[in-house]
Amino acid sequence: MRDLVIIGSGPAGYTAAIYGARAELKPLVIASSVAMGGDLMTTTEVDNFPGFPQGVMGPELMMNMQAQAERFGAEMVFDDATKLELAGPVKKITLGNGDVIEAKTVVLAMGSEYRKLGLADEARLSGFGVSWCATCDGAFYRNRAVAVIGGGDSAMEEATFLTRFADTVYIVHRSDTFRASPAMLARAQADPKIQFITNAKVTGVLGGETVAGITLENADGSTRVLDVEGLFIAIGSDPRTSLVADQVDLTAEGNIAVEGRSSQTSLPGVFAAGDIIDPTYRQAIVAAGSGAVAALDAQHFLESNAH
Ligand code: NDP
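Values in this document were obtained by computation on a predicted structure and should not be read as measured data.

Each value, and the rule that gives it
- Residues numbered from 1 in each chain as written.
- Predicted model: local features only at pLDDT ≥ 70, side-chain atom pairs only at ≥ 80, totals over all residues.
- Heavy atoms only, no water.
- Salt bridge = Lys/Arg side-chain N within 4 Å of Asp/Glu carboxyl O.
- Helix = DSSP H or I, 4+ residues; strand = E, 2+ residues; numbered from the N terminus.
- Buried < 20%, exposed > 50% of the residue type's maximum accessible area, 1.4 Å probe, protein only.
- Near = heavy atom within 4 Å.
- Polar contact = N/O pair within 3.5 Å; in protein donor to acceptor, adjacent residues only side chain to side chain.
- Areas by Shrake-Rupley, 256 points an atom, 1.4 Å probe, with all protein chains shown as cover.
- Nonpolar A, V, L, I, M, F, W, Y, C, P; charged D, E, K, R; others polar.
- Domains from an automatic or database assignment.
- Disulfide = S-S within 2.5 Å.
- Expected span 1.5 Å × (residues − 1).
- Contact = heavy atoms within 4.5 Å.
- Pairing = 2+ DSSP bridges.
- Axes fitted to C-alpha atoms, helices over the stretch in contact; angles between N-to-C directions.
- Buried area = accessible area lost by both parts, 1.4 Å probe.
- Core = buried A, V, L, I, M, F, W, Y, C linked by side-chain atoms within 4.5 Å.

Q: Could you clarify how one ought to interpret the pattern of salt bridges in this entry?
A: Pairing is possible between side chains that carry opposite charge, provided their charged atoms lie close to one another. All told, the structure shown has eight salt bridges when counted by the stated rule. Across the salt bridge formed by Arg115 and Asp238, the nearest N and O atoms sit 3.1 Å from each other. Residue Arg115 is located in the loop between strand 9 (112–114) and strand 10 (130–131), and its partner Asp238 is located in strand 18 (residues 237–239); the two are separated by 123 residues in the primary sequence. Residue classification places Arg115 among the partly exposed residues on the basis of a relative accessible area of 35%.

So, in structure tokens, the structure goes:
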């Protein structure tokens, strides 16, 4: 049986792995079959992670975290957890390949997943003009017009990045107040390639095989078609709790509930870290810090339950 299994390989999961490995818990990281490294794998420069005065590329940062965890003995499994049985002293983790791993403690660090608009053609045209990742798909839109939906930092960041390729980037936001930080909003507002459309709701995605436009509804009920070939959805994300929602307590916002400043969930031996517990800050450095907390909590739990 494992001392510590960590589910997730973003900054929270890898930092928990570094701390867990250094405490000689030989952690196993269930790192995902397709999304190992988490959201930073699809970003470019990260300029606000301390220790990198010139910035660092997101994938490089994550690969360094993985290497640092492996240096101290953490092991990686590049598969998904498909079932978790967390009650009782022996936790069971079922993987996509059917293997079942047993552990004394588990750190839940599955992060969050992008929100969808919920439009009829959104899924059908996903990958054919509808995207949640400008760094992945932006280069397809050289000299084209694209729309970014949302009014938070993600929308500003996606739009600013897309100006490298697109001629025109519309930021379409459902109100005229922005959650984005003043600095990121100001940078987008100052960009001559970015046009803001506020108080507008996206009501449809047009196009047969690829996106050929979107329909917008204004506050007064009038509608218009916006001619774009790309639709980048940046309307936030929700914690990825589906595997555990019926086992651990959640908060009103849908995050995993933890006790005070600790990572302790409602189940003994089960700890949570990163975006899955965080409705507010959602920063790589905050997730990394909470990963360290989770590994320390798991270590103390194991010490006080050692026979
Ligand atoms: P946010 O929750 O901050 O913003 C989501 C935006 O999408 C809001 O403007 C919201 O509008 C809008 N929205 C939500 N649902 C819908 C919907 N169904 N239809 C249309 N619009 C919708 O999410 P972000 O992903 O932008 O940011 C999350 C966190 O990550 C924040 O803490 C942010 O600071 C951080 N972040 C930091 C970055 C950085 O520092 N470099 C980069 C990216 C993110 P409304 O306001 O009307 O609810």
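Q: Help me out: how do you make sense of the site of the ligand in this one?
A: Neighbouring the ligand are 19 residues, the closest being Gly151, Asp153, Ser154, Arg174 and Arg179. Within the side chain of Glu157, a nitrogen or oxygen atom sits 3.2 Å from a nitrogen atom of the ligand. A distance of 2.9 Å separates an oxygen atom of the ligand from a polar atom in the side chain of Arg174. Protein coverage of the free-state accessible area of the ligand, which is 910 Å², stands at 76%. The element that contributes the greatest number of residues to the shell around the ligand is helix 4 (residues 153–162), accounting for three residues. Counted by class, the shell around the ligand contains four nonpolar, nine polar and six charged residues. The residue makeup of the shell around the ligand includes at least three contributed by each of domain 1 (2–113 + 237–304) and domain 2 (130–233).

Q: Looking at this structure, I do not really get the state of the cysteines. What am I missing?
A: Covalently bonding the sulfur atom of one cysteine to the sulfur atom of another cysteine gives a disulfide. Scanning all chains against the criterion turns up one disulfide. With a sulfur-sulfur separation of 2.0 Å, Cys133 is cross-linked through a disulfide to Cys136. Taking the sign of the S-S torsion, about 75° here, the bridge from Cys133 to Cys136 comes out right-handed. Residue class for Cys133 comes out buried when judged on its relative accessible area of 10%.

Q: I keep staring at helix 6 (residues 284–304) and nothing clicks. Help me out?
A: Residues that lie three or four places apart on an α-helix share one face, since the helix turns once every 3.6 residues. Counted at 1.5 Å a residue, the expected span for helix 6 with its 21 residues is 30 Å, and the 30 Å between its end C-alpha atoms agrees. Along its buried surface, helix 6 packs onto strand 1 (2–7), helix 1 (11–22), strand 8 (100–108) and strand 19 (270–272).

Q: Would you mind going over the sheet that holds strand 16 (residues 223–226) with me for this structure?
A: Two orientations exist for strands paired in a sheet by backbone hydrogen bonds: parallel and antiparallel. Pairing within the open sheet is antiparallel, and its three strands lie in the order 14-15-16. Of all strands in the sheet, those bounded by a partner on one side alone are strand 14 (200–206) and strand 16. Each strand axis lies, on average, 30° off the axis of its neighbour in the sheet, ignoring direction. In this structure, strand 15 (residues 213–218) lies alongside strand 16, joined through four bridges in antiparallel fashion. Bridge assignment links Leu216 to a residue of strand 16, and that residue is Arg224.

Q: What should I look at first to understand the sheet that holds strand 11 (residues 145–149) in this one?
A: Across the sheet, which stays open at both edges, the five strands sit in the order 10-17-11-12-13 with parallel pairing between neighbours. Taken across any chain shown, the strands that pair with only one partner, and hence form the sheet edges, are strand 10 and strand 13 (194–197). When strand 11 meets strand 17 (residues 230–233), the two strands line up parallel, connected through four bridges. Within strand 17, the position partnered with Val148 by the bridge is Phe232. Sheet contacts for helix 4: strand 11, strand 12 (168–172), strand 13 and strand 17; angle to strand 11, the most-contacted strand, approximately 165°.

Q: Is there a simple way to explain the domain arrangement of the chain in this structure?
A: Interface size is often expressed as the accessible area that is lost when the parts come together. By domain assignment, the chain separates into domain 1 (2–113 + 237–304) and domain 2 (130–233). Here the C-alpha centroids of domain 1 and domain 2 sit 32 Å apart. Each partner contributes to the interface: domain 1 provides four residues, whereas domain 2 provides five residues. Carbon and sulfur atoms supply 53% of the area that domain 1 and domain 2 bury against each other, a total of about 300 Å² over both sides. Contact with domain 2 buries surface across domain 1, with Thr42, Thr44 and Glu45 losing the most and accounting together for 86% of the total. Our count for the domain 1 to domain 2 interface comes out at one salt bridge. Of the charged contacts, one joins Arg164 and Glu45 as a salt bridge, the two residues approaching to 3.7 Å between their closest N and O atoms. Taken together, the connections running from domain 1 to domain 2 amount to zero residue pairs in polar contact (both at pLDDT 80 or more). Taken together, the residues of the side of domain 1 that touches domain 2 break down into no nonpolar, three polar and one charged.

Q: Explanation requested: the nonpolar core in the structure shown.
A: The nonpolar side chains of a soluble globular protein tend to be buried, and buried together. Ile6, Val29, Phe49 and Val107 are the most contacted members of the largest nonpolar core, which totals 32 residues. Elements with a minimum of two residues in this core: strand 1, helix 1, helix 2 (58–71) and helix 6. When residues of this core are assigned to their parent elements, the largest contribution, seven residues, is made by helix 6. The contact partners of Val29, leaving out residues within four places of it in the chain, are Ile6, Gly8, Ser9, Tyr14, Ala17, Glu75, Met76 and Val77.

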